[in-house]
Each structure stands twice: as structure tokens, then as C-alpha cells.
Amino acid sequence: MSSQTTLTKQEVDLLYHLLRKAAVSSERDVIGKLAKHLLQGPWYKGLLSFSSWYGRTYLLERIPWHVWEGEVSRVLELGAGYGWLGKGLSKKLKVPYLSVDKRKENKPHIVLDLETWAGIEKLCAILGREDLVVMSDLLHCMEPGWVLELMDVLSENRLLILEYDVQGEYGESFVQQTSQYGCNFGYLDVLKKTKGLSTFYIYPYKGWYR
Ligand SMILES: C[S@@+](CC[C@H](N)C(=O)[O-])C[C@H]1O[C@@H](n2cnc3c(N)ncnc32)[C@H](O)[C@@H]1O
């Protein structure tokens, strides 16, 4: 996608072609909601239903499961949204699932805001040493200072973090769109390097784990 605001004819032709394909596929509902999210502002329901379908369909099976087998007593998901990642992992690992989100309309098990001290304290109270803590598309939504606080709290836990690969082929349009809402990406690689995480890629997402 070009960085100019005007799309080239080739880009519009590709977009029209892909939307036509989506309109006759079984995914038309999630694609329609995603279009509303993208064109009319950050409508979370549209984003979350698409993200859940995308994650379940394309990402879940590509995660290196073997890394956690036998060493996890529960999957704790932060910024869970509709919880496709945590639910999928807990089913695969046959362990309980606990979800956390700041939006009560997402119906998480526990509502808390990770960008407040009250939220961090609540997280400390529920966090278990044997929890596998997972997050998908959460960290870029948070202020870098609160991400560092969160990483300190989670320093003893096993982690799985998924974020969109902003340096990949489609990263530019993702950064442009999400930056409108204050999202922040520059520090994510630094975080990976300083927190002893290993990397894997499920293009266009990248994952980090410990
Ligand atoms: C981009 S959505 C991703 C949702 C889901 N993980 C997925 O992959 O579909 C980010 C989620 O993080 C939640 N979130 C954002 N900031 C948060 C915060 N400070 N504390 C807790 N949850 C937060 C939002 O409510 C939203 O559900």
C-alpha cells in the first residue's frame, strides 16, 4: 500500500476485487463489520469479530504449541477482546482459561484497566506463577510506560505476545490507520530485545514467547 493518501488505480482494482470475493464468501459478515470499523472509526465490535475469525482461521494452528506443553496450569489472556487466542490455547493445552479486558462489553471474566495502578494491583492479585500469560494486539494500544510496568509484573511468567508485523509488506497501512487512535509501535522491538523473549513469525503477525 502506498504512503500517499490517494490510492493508485492498481490498489483500488485489487481492493475492489478482494471485496467482491469477500461479498460472495461465507466471511462477508466479518468483512462487512471490519469495513465499518475501518471506514467509520474505531468501532471495536467490527474489529473484534474480524480479528477473532482471522486468528482462529489463520493464526492459531501456526503457534508453536510444543513450547508450553506440560508446564502450564492456566491460560490468562490480557486485552482478550473476544478471546480467540486464550480460548484456543487453553483448549489445546487442556487447562482453565481466564480473560481480562478493560471493556466490560467484551464480557471478560475480569474487568480491569492495565493502565491504572488499581488495574495492575488487581492483576497481581489474580496472577498465578504457573499461568501462561497471552496477549494479542494489546501492547500497541497501551502507553509505553504502562507496558514496562506490566512487563515487570509478568517477569516470572511464561508469555506469548502477538503483534502485527509493522515492518512487513502490509505494515505501513496498519500503522497509518491505528496511529490515528494513538497507537504506538516504536518500542515493541526494544521490549522484545530487553525482556529475553524468543521470536516466531506467522505473517503478517509476529509472535514473541518465553
Ligand atoms: C486490538 S484489540 C485486540 C483484542 C483481541 N486480543 C484480539 O486479538 O482480537 C485490543 C484489546 O485490548 C483491550 N485493552 C486496550 N487497552 C487496555 C488496557 N489498558 N487494559 C485492559 N485491556 C485493554 C481492548 O479493550 C481490546 O479488547
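Residues numbered from 1 in each chain as written. Predicted model: local features only at pLDDT ≥ 70, side-chain atom pairs only at ≥ 80, totals over all residues.

**So, the nonpolar core**
For clarity, the cut-off: What makes a nonpolar core is a set of buried Ala, Val, Leu, Ile, Met, Phe, Trp, Tyr and Cys residues, with links drawn between C-beta atoms within 7 Å. Buried residues are those with 20 or more other C-beta atoms within 10 Å of their own C-beta, exposed residues have 12 or fewer, and partly exposed residues lie in between; C-beta atoms are placed from the backbone. Only DSSP runs of H or I reaching four residues or more are called helices, and only runs of E reaching two or more are called strands; each is numbered from the N terminus. Throughout, a residue-residue contact means that the two C-beta atoms, derived from backbone geometry, are no farther apart than 7 Å.
Of all hydrophobic cores here, the largest spans 29 residues; its most connected members are Leu78, Val133, Val134, Met135, Leu139 and Ile161. Secondary structure elements with two or more residues in this core: strand 1 (74-78), helix 4 (84-93), strand 2 (97-101), strand 4 (131-136), helix 6 (144-153), strand 5 (158-164) and strand 7 (205-209). When near neighbours in sequence (up to four residues on either side) are disregarded, Val133 contacts Leu76, Leu78, Leu154, Asn157, Arg158 and Leu159.

**Regarding the sheet that holds strand 2**
Put simply, the rule reads: Only strands joined by at least two bridges in the DSSP assignment are considered to pair.
Pairing in this open sheet of seven strands is mixed, and the strands run 3-2-1-4-5-7-6 from one edge to the other. Looking at strand neighbours, the two that pair on one side only are strand 3 (110-111) and strand 6 (198-202), the edges of this open sheet. Here strand 1 pairs with strand 2 via four bridges, running parallel. Paired with Leu78 across the bridge in strand 2 is Val100.

**Focus: helix 3 (residues 44-59)**
Residue pairs three or four apart in sequence face the same way in an α-helix, which turns once every 3.6 residues. Turning to helix 3, its buried residues number three or more, namely Gly46, Leu48, Phe50, Ser51 and Gly55. Buried-residue contacts for helix 3 involve helix 2 (28-40), helix 4 and strand 4.

**Considerations on the domain arrangement of the chain**
Spelled out, the test is: Where each domain begins and ends is defined by an automated method or by a domain database. Residues were grouped as follows: Ala, Val, Leu, Ile, Met, Phe, Trp, Tyr, Cys and Pro as nonpolar; Asp, Glu, Lys and Arg as charged; and all remaining residues, including Gly, as polar.
Annotation of the chain at the domain level lists domain 1 (9-57) and domain 2 (64-209). On the domain 2 side, the residues contacting the eight residues of domain 1 number ten residues. At six residues, the largest contribution of residues to the side of domain 1 that touches domain 2 is made by helix 3. Taken together, the residues of the side of domain 1 that touches domain 2 sort by class into four nonpolar, three polar and one charged.

**Digging into the pairing of strand 6**
Side-chain direction in a regular strand flips from residue to residue, so the side chains alternate between the two faces of the sheet. Little of strand 6 sits inside the fold, with zero of its five residues counted as buried. As paired elements, strand 6 and strand 7 share five bridges and run antiparallel to each other. Within the sheet, the bridge partner assigned to Ser198 lies in strand 7 and is Tyr209. Connecting strand 6 to the next strand, strand 7, in antiparallel fashion are two residues.

**Re the packing of helix 3 against helix 4**
Quick reminder of the rule: A fitted line through C-alpha atoms serves as each axis, taken over the contacting stretch for helices, and the angle formed by two N-to-C directions is quoted from 0 to 180°.
The contact between helix 3 and helix 4 brings their axes to 9 Å, and the two run at 35°. Where helix 3 abuts helix 4, its residues Ser52, Gly55 and Arg56 lie against Trp84, Leu85 and Gly88. Looking at the contact of helix 3 with helix 4 residue by residue, the classes come out as two nonpolar, three polar and one charged.

**Considerations on the site of the ligand**
Using the following cut-off: The criterion for a residue being near a molecule or strand is simple: its C-beta atom, placed using the backbone, must lie within 6 Å of it.
In the region of the ligand, 20 residues are neighbours, and Ser51, Gly79, Gly81, Lys102 and Ser136 sit closest. Tallying contributions element by element places helix 3 first for the shell around the ligand, with four residues. For the shell around the ligand, the residue count by class is seven nonpolar, seven polar and six charged. Shared between two domains, the shell around the ligand holds at least three residues of each, these being domain 1 (9-57) and domain 2 (64-209).

**A few points about the packing of helix 2 against helix 3**
Defined as follows: By definition in this entry, angles of less than 35 degrees are roughly parallel, angles greater than 145 are roughly antiparallel, angles of 65 to 115 are roughly perpendicular, and the rest are oblique. Throughout, a crossing is termed right-handed when the near helix is turned clockwise from the far one, and left-handed when it is turned anticlockwise from it by less than a right angle.
Interaxial distance between helix 2 and helix 3 falls to 7 Å at its minimum, and their mutual angle equals 135°. By the angle between their directions, the pair helix 2 and helix 3 is classed as oblique. As helix 2 packs across helix 3, the resulting crossing turns out to be left-handed. The segment helix 2 lies against helix 3, with Val30, Lys33, Leu34, Lys36 and His37 engaging Lys45, Gly46, Leu47, Ser49, Phe50 and Trp53. A class-by-class count of the residues in the contact of helix 2 with helix 3 yields five nonpolar, three polar and three charged.

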